[in-house]
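# Observations on the three-dimensional arrangement
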Amino acid sequence: MATQMFEGKEHASCYEKYRFSPPQEIEDMIFSYVDERLNKPYKLAVDVGCGTGQGIKLLAPHFEKVLGTDISEAQIEVAKEAIKIPNATFRVSPAEGLPVDDASVDLLTASAAVHWFDIERFLKEVDRILKPRGCLAFFSYFPLLEINYKDRSEQMSKVYSEIEEILKKYQHEKVRHVRTGYKEIFEAIPYTDKIRRDDLFSKTTMPLANLIGLIQSFSMFQRYCVVEPENAKDFLETIEQRFLEIMEVSSSETEVEVRFRYVLVLASKPK
Ligand SMILES: C[S@@+](CC[C@H](N)C(=O)[O-])C[C@H]1O[C@@H](n2cnc3c(N)ncnc32)[C@H](O)[C@@H]1O
């Protein structure tokens, strides 16, 4: 069964605002993998579960055409409004039945998305649409973040661990794929040319308000809002306040450093 957790227009806007592109290292690893297997010019890339389209911006300069697909109409609507790139199109579509011709895709990506799909049906669809030697790249950041601020990093990360503990009960069971570094998904890929890395790290600086926005965009927080709307609202206000107290500042525009760990799976279809 496909999982629809990202339907709300408000959730989609939150995505547009607070989600960010993957680190340069991941982009470089994907393109050096593709460059070793395919000849340029590259014709088509498809980003599946594209959300509001951040990944499409990265892919567009390298391909004649890029297509972003997502099961959520709200996400695709926001993507179309936010991203006006001439060679990019967006379609509402389930990952398990893509509006793409057989053997036509050079690169298929899924960022923070593959764990939501029906893996068996999706991998069959991937095999149908990839060209011989066409590549797939599935990646995601782990839910556990490290938060640094001056000499207060330990306290900041401790608060984040408490946040995780509270939100865990609203976590969908499919998030286990991310926590286990996409191991099961990697094993299910029917190709021999494949690699999995779960030791990739990146740091980014953002205002505290954006960190709160990022937490707000998590599917487990969105679930909390549905089950306990009042508590979820209080929860966000309380965590922001706790961070501000630790930082001894009054403005949520004060920047913090957030450290992410990533998993990346790359594979290539046989000739
Ligand atoms: C965590 S978001 C990631 C969005 C974007 N790729 C990013 O990196 O920010 C997961 C996305 O997968 C989409 N999704 C979930 N299940 C899907 C399915 N079966 N088919 C297509 N998209 C799906 C959701 O609607 C959501 O936009």
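Residues numbered from 1 in each chain as written. Predicted model: local features only at pLDDT ≥ 70, side-chain atom pairs only at ≥ 80, totals over all residues. Heavy atoms only, no water.

Glancing now at the packing of aromatic side chains. How two aromatic rings sit relative to each other is given by the distance of their centres and the angle of their planes. This model, assessed by the stated rule, comprises 12 aromatic pairs. Relative to Phe63, the ring of Tyr42 has its centre 5.7 Å away and its plane inclined at 35°; by these criteria the two rings are tilted. Remark: Phe63 occurs in strand E2 (residues 63-70) and Tyr42 occurs in strand E1 (residues 42-48); sequence separation between them is 21 residues. Like Tyr42, the residue Phe63 is buried in the burial classification. Relative to Phe218, the ring of Tyr141 has its centre 6.4 Å away and its plane inclined at 35°; by these criteria the two rings are tilted. Placement of Tyr141 in strand E5 (residues 130-141) and of Phe218 in the loop between helix H9 (208-217) and helix H10 (219-227) is noted, with a sequence separation of 77 residues between them. Tyr141 gets classed as buried once you look at its relative accessible area, which sits at 11%. In this structure an aromatic cluster arises from ring pairing among Tyr141, Phe218, Phe260 and Tyr262. Over the ring of Phe142 we find Arg261; its NZ or CZ atom is 4.1 Å from the centre of that ring. (Phe/Tyr/Trp six-rings, centres within 6.5 Å; stacked < 30°, edge-to-face > 60°. Helix = DSSP H or I, 4+ residues; strand = E, 2+ residues; numbered from the N terminus. Buried < 20%, exposed > 50% of the residue type's maximum accessible area, 1.4 Å probe, protein only. Lys NZ or Arg CZ within 6 Å of the ring centre and 35° of its normal.)

By the secondary structure assignment, Val226 is in helix H10. Overall, Val226 belongs to the exposed group, its relative accessible area being 60%. Considering only alpha carbons, one finds Val226 and Glu255, 29 residues apart in sequence, at a separation of 30 Å.

Let us look at the pattern of salt bridges. Any two side chains of opposite charge can pair, so long as their charged atoms come close to each other. This model, assessed by the stated rule, comprises 21 salt bridges. Between Glu173 and Arg176 there is a salt bridge; the shortest N-O distance is 2.6 Å. By relative accessible area, which is 32% here, Arg176 ends up partly exposed. Here Asp198 and Arg196 are joined by a salt bridge, their closest N and O atoms 3.4 Å apart. Beyond isolated ion pairs, a larger network of salt bridges with shared partners links Glu36, Arg37 and Asp193. (Salt bridge = Lys/Arg side-chain N within 4 Å of Asp/Glu carboxyl O.)

As a further point, take unusual backbone geometry. At the junction of Lys40 and Pro41, the peptide bond is cis and its omega measures out at 0° in the coordinates. Positionally, Pro41 belongs in the loop between helix H2 (24-37) and E1. For Lys150, which is not glycine, the phi dihedral falls at a positive 40°. Along the polypeptide, Lys150 turns up in the loop between strand E6 (146-148) and helix H6 (153-167). The phi angle at Glu248 is positive, at roughly 55°, despite the residue not being glycine.

With that settled, consider the pairing of strand E8 (residues 255-268). The buried count for E8 comes to 10 of 14 residues, which makes it a mostly enclosed element. Relative to E8, E5 is paired through 7 bridges, and the arrangement is antiparallel. By the bridge assignment, Phe139 is partnered in E8 with Leu264. Looking at chain direction, E6 and E8 are connected through 3 bridges and run antiparallel. From the neighbouring strand, Ile147 faces E8, where its bridge partner is Val258. Of the pairings in the sheet, the one linking strand E7 (residues 194-207) to E8 comprises 12 bridges and is antiparallel in character. Note that in E8 the partner of Lys203 across the bridge is Arg259. (Pairing = 2+ DSSP bridges.)

Moving on to the pairing of E2. Of all 8 residues making up E2, 6 are buried, and the element is well covered by its neighbours. Bridge count for E1 against E2 is 6 bridges, and the pairing is parallel. Each bridged residue has a counterpart across the sheet, and for Tyr42 the counterpart in E2 is Phe63. As defined by bridge partners, E2 adjoins strand E3 (residues 88-92) across 5 bridges and the pair is classed as parallel. Bridge pairing links Val66 to Ala88 in E3.

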